[in-house]
Structures are given as structure tokens and as C-alpha cells.
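Summary of the model geometry
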Amino acid sequence: MLRRGLLAVGESRVARKVLTDAPVSRSVARRFVPGASVDAVVGALHELEEAGLAATGNYLGEAVRSPEHTRAAVEAYLELLDRIEAGAHDANISVKLTQLGMGLGDDLLRENVARILDRAEAADIFVRFDMESSEHVQPTLDLFGELWESERRGVGVVLQAQLRRTAGDLQEMIRLGARVRLCKGAYAEPAEIAHQKMRRIRKRFREGMARLLSEGTYPAIATHDERLLRATLAFAAREGVPPGDFEFQMLYGVRRDLQRNLRDQGHRVRVYIPFGDNWYPYLVRRLAERPANVFFMVESMIKESKLGMLWPGSRALEDRAP
Ligand SMILES: Cc1cc2nc3c(=O)[nH]c(=O)nc-3n(C[C@H](O)[C@H](O)[C@H](O)COP(=O)(O)OP(=O)(O)OC[C@H]3O[C@@H](n4cnc5c(N)ncnc54)[C@H](O)[C@@H]3O)c2cc1C
């Protein structure tokens, strides 16, 4: 499968060096990441607000190896929370626990998460724990469960339709009354624990969506897949689930036409805005989701090199924005 291959290549050091050094990577990354600073996110927030779209901000970074870097991530989130509150923006934040110290010691992780949650709670801003690769799923849900036990309610999780365990996790989150974002799953996982066929992943997604819309607490349906979006709209209409009971979520720079279309139909759409310098892993996952983007990048890299003289014509990166 091309997607799996691209995700595997993306892990290699050589690929990282080649891709991060190539100027075209930066320009492609800019399509998905509005900038490095909190100012850049706030700029994107204004742009989205004018379009009637809500947002969630994510400071790029994962699998952070030093406590200093985890604290720098906390500072970035605290600054973003301040700016969201000051501007009364319709926005919240999405954090990755491996950026906040998961794997570096429980005390560090708990301290970092508590600092973010304290500030977010004071400003009444919701915090989502993004879901990372499968080895992090149980630790993420464990920490979430602990926080829930201690009456932290302004926090929610993400479940990935591709994982075989997800139906059970979904049931538990519904039982708790926790807010779930449902997505397909962006990581290459082995067949023992994850469905590999898109048909099966879509089926699991539709089942999860139906359960969340019927029994869940303000779920988020995160996909650009038109079949799944149509299935969600049809289910909501058939079962009489009002638009205010759930939201759609999509990524910054991806299918802006659909974002606006759903908004025009009266639905709430939240756009995930990543920011920061550490865009490489995020870019690789976005490229893997859409091989046409890889062809565009390879073509541009060849054009930038001496071989470019031999390269005929040009294709444009797909952009269906109105
Ligand atoms: C708001 C949000 C939050 C997410 N959070 C997580 C998370 O916490 N953990 C996790 O594992 N995954 C997360 N994901 C990623 C998700 O798991 C999928 O990898 C991703 O959304 C692609 O799947 P899709 O359902 O959009 O369908 P796809 O079948 O991949 O895409 C459907 C169509 O959307 C368009 N499209 C999709 N991706 C791109 C792209 N990169 N460039 C251009 N067009 C594109 C294309 O037209 C494509 O045909 C998140 C996704 C969203 C939208």
C-alpha cells in the first residue's frame, strides 16, 4: 500500500534530511501549516472566523526527548490559550502527549498537562488529546481516565476507526460521557491490531459515527472523506440529530470547499490548525494521505535541481478552495 510505504520512508533519517532541506517542502508545508508562531495561528483564526469556521490549534511536535522541549511546548500552548481568550475566538487546543513528556516520566507529563488544563479551565477552553500511534493509545486513555476521575471535564480524546480495539474504547467513552473525536487514524499499524482495507475502516468509522451521534457527548466527526460525510449527514437527518449536537472537523488547507459547504448547510465545522517549526512528521502524514501531493513535491524537487531543465510542463498541487 502506497500510504504505508510513504509513512515508512518518512521515518528514515535520510528522507527527513532531504525533505526538510528542500525549499519545496517548506512551501508545501505552508499549505497545511500557516506559520511557526502563535501570531500565525491567530492570523488563521481571524481568517477562519470570517468564514464562519471554528478552530483548534496544535503546536507541532511529538516524541519529544528532553524535558526542556516539553516545557517549551507548554509555554507555546499557554500563550495560545491567552490569545484565544483575549480575542474571544471560537477555538480550542489539541495536544499530543508525547510532546508533553509521555515516555519521559509520569511526573513531568502530569505536571505539563496540569499546567495546560489549569489555564484552559480558567479560560473555559476545551483541550483535546490527539491520538498517536498504537503504543500510545492505552497510556493516553489511562491518563484521560485519571483526569476524568479527578473531575477534569474540559478534556476529550480521539479514537481511530482503523484500530480493532476502538469499538470497546468507544463504548467506555460513551459510558463516561466523554467527548470523542472520531478519525480514521493517520499511522501505519500492523494487521493484528488495525484494519488495513479502506472499505473496512470506512465501515468501522460509520459504525462509530452512528454510536457517537446517538449516544455520545458532542462528538467530532473528523474526515474529508465525502462518503463518510454523506453518511454522517444522512444518519443525522434520519435520526433527527440536530446540527448543534455534534461538529465536523477538518485539517487546515484540506478540502476548504467541503468546510464551507457544510457550514452553508448549518453545520459546525472546526478546522485543525497546526503551527510551529516541527512540521516534518505532520507533512509526511498529509503527503501519505494524498499521493498526488507527493508527485507534486517530487516534480518540484526535480525542477529545483539541475534535472529541472529536462522536465516538461507543470502540475499544480490540488487545491479545491473556492
Ligand atoms: C481535525 C482532524 C484531526 C485529526 N486528528 C487525528 C489524531 O488525533 N490521530 C490520528 O491518528 N489521526 C488524526 N487525524 C487524521 C485522520 O486519522 C486521517 O489520517 C486523515 O483525516 C485522512 O483521512 P480522511 O478521513 O480525511 O480520508 P482520506 O480518504 O484520506 O481523504 C479523503 C479525501 O480528502 C482529501 N484529502 C485528504 N487528505 C488530504 C491531504 N493531505 N491533502 C489534500 N487532500 C486531502 C482528498 O480529496 C481525499 O480524497 C485527524 C484528522 C482531522 C481532519
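Before any of the text, the structure's been laid out above.
Residues numbered from 1 in each chain as written. Predicted model: local features only at pLDDT ≥ 70, side-chain atom pairs only at ≥ 80, totals over all residues. Heavy atoms only, no water.

Here we take up the packing of aromatic side chains. For the structure on display, the rule yields five aromatic pairs. Ring centres of Tyr272 and Tyr282 lie 6.4 Å apart, and the angle between their planes is 5°; on these two criteria the pair is classed as stacked. Highlighted residues: Tyr272 in strand β8 (residues 269-275) and Tyr282 in helix α12 (residues 280-289), separated in sequence by ten residues. Residue class for Tyr272 comes out buried when judged on its relative accessible area of 8%. Among the aromatic side chains, those forming a connected cluster through ring pairs are Tyr59, Tyr77 and Phe275. Over the aromatic face of Phe126 sits the side chain of Arg179, whose NZ or CZ is 3.6 Å from the ring centroid. (Phe/Tyr/Trp six-rings, centres within 6.5 Å; stacked < 30°, edge-to-face > 60°. Helix = DSSP H or I, 4+ residues; strand = E, 2+ residues; numbered from the N terminus. Buried < 20%, exposed > 50% of the residue type's maximum accessible area, 1.4 Å probe, protein only. Lys NZ or Arg CZ within 6 Å of the ring centre and 35° of its normal.)

Take the sheet that holds β8 next. Spatial ordering of the closed barrel is given by β1-β2-β3-β4-β5-β6-β7-β8, a layout of eight strands whose pairing is parallel. Along the sheet, successive strands turn relative to each other by an average axial angle of 30°, direction set aside. Relative to strand β5 (residues 180-183), strand β4 (residues 155-160) runs parallel, the two sharing four bridges. Directly across from Val158, in β5, lies its bridge partner Arg181. Each of β1 (54-59), β2 (91-95) and β8 is contacted by helix α5 (residues 67-86), which is oriented at about 170° to β2, the strand it contacts most. Docked against the sheet, helix α6 (residues 106-122) engages β2, β3 (127-129) and β4, running at close to 150° with respect to β3. (Pairing = 2+ DSSP bridges. Axes fitted to C-alpha atoms, helices over the stretch in contact; angles between N-to-C directions. Contact = heavy atoms within 4.5 Å.)

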